[in-house]
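# Close look at the chain arrangement
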Amino acid sequence: FHRIRTDLSKRHAPGVGWHLPSDTLSLTATASPDQSGALVARYATDPDIQFEFAAEQYHSGTASDFRSRDVEDTRLTAGGSWQALSEDYGHPANISLGVSAGRDLGKPSIGALFATARLSKTVGAYGVGLQASAAMFADVEPKGLGADVTRDIAPGLSATLAATLTDTGEKIWSAGLNK
């Protein structure tokens, strides 16, 4: 068994520990100008196990033909993740594995499975991460490798930059603020 580090002077950088503390509920809403977005509820039973439920509407917009707005409807997903290593326990980095399954509401015969493996680390005031992702739905099996950097920019406010390269050569990027 591991003990959680209590020396708060060595707090890890924002965005590194994606898992919530025990008995914590988190609600997140996202939106974008192209009418993509999500409402996500996360609950952690302990520091290493987290469950997630989401209603999301994501599409590639006009930049990609991967999942256009015309074929992508609102999807419900449920899943969970396990944090295998954590800087909070004194490990050198964080490693987590996650899986989820979703179903398109407009076309309920189309389901999707998602899997992720994430490595993250505190480097000074920054949180840096690498994430491998894969999905399966119908006859499509996209895969991607992403990197992200997060930093506090004000008390209680952090900024994140992320980029992902897919197995088809598409480059996906995002930027965001988290309070």
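This text gives an overview of the structure that appears in the document. Note that the structure is a prediction, hence the values are computed from the model and not measured. (Residues numbered from 1 in each chain as written. Predicted model: local features only at pLDDT ≥ 70, side-chain atom pairs only at ≥ 80, totals over all residues. Heavy atoms only, no water.)

### Things to note about the environment of Leu-130
For Leu-130, the position within the fold is in strand β7 (residues 126–136). Sequence separation of Leu-130 and Ala-117 is 13 residues, and the distance between their C-alpha atoms is 8.4 Å. If near-sequence neighbours (up to four positions away) are discounted, Leu-130 is found in contact with Ala-117, Arg-118, Leu-119, Gly-146 and Ala-147. (Helix = DSSP H or I, 4+ residues; strand = E, 2+ residues; numbered from the N terminus. Contact = heavy atoms within 4.5 Å.)

### Let's talk about the pairing of strand β4 (residues 75–85)
Bridging between strand β3 (residues 49–57) and β4 involves eight bridges; their strand directions are antiparallel. Counterpart to Ile-49 in the pairing with β4 is Trp-82. Here β4 runs beside strand β5 (residues 94–104); their pairing, made up of ten bridges, is antiparallel. Its bridge partner lying in β5, Ser-81 is registered against Gly-98. (Pairing = 2+ DSSP bridges.)

### Digging into the sheet that holds strand β10 (residues 171–178)
Here we have ten strands laid out as an open sheet, ordered β1-β2-β3-β4-β5-β6-β7-β8-β9-β10, and antiparallel in their pairing. Each edge of the open sheet is held by one strand with a lone partner, namely β1 (24–31) and β10. Put simply, the sheet's adjacent strands are angled 20° from each other on average, direction ignored. (Axes fitted to C-alpha atoms, helices over the stretch in contact; angles between N-to-C directions.)

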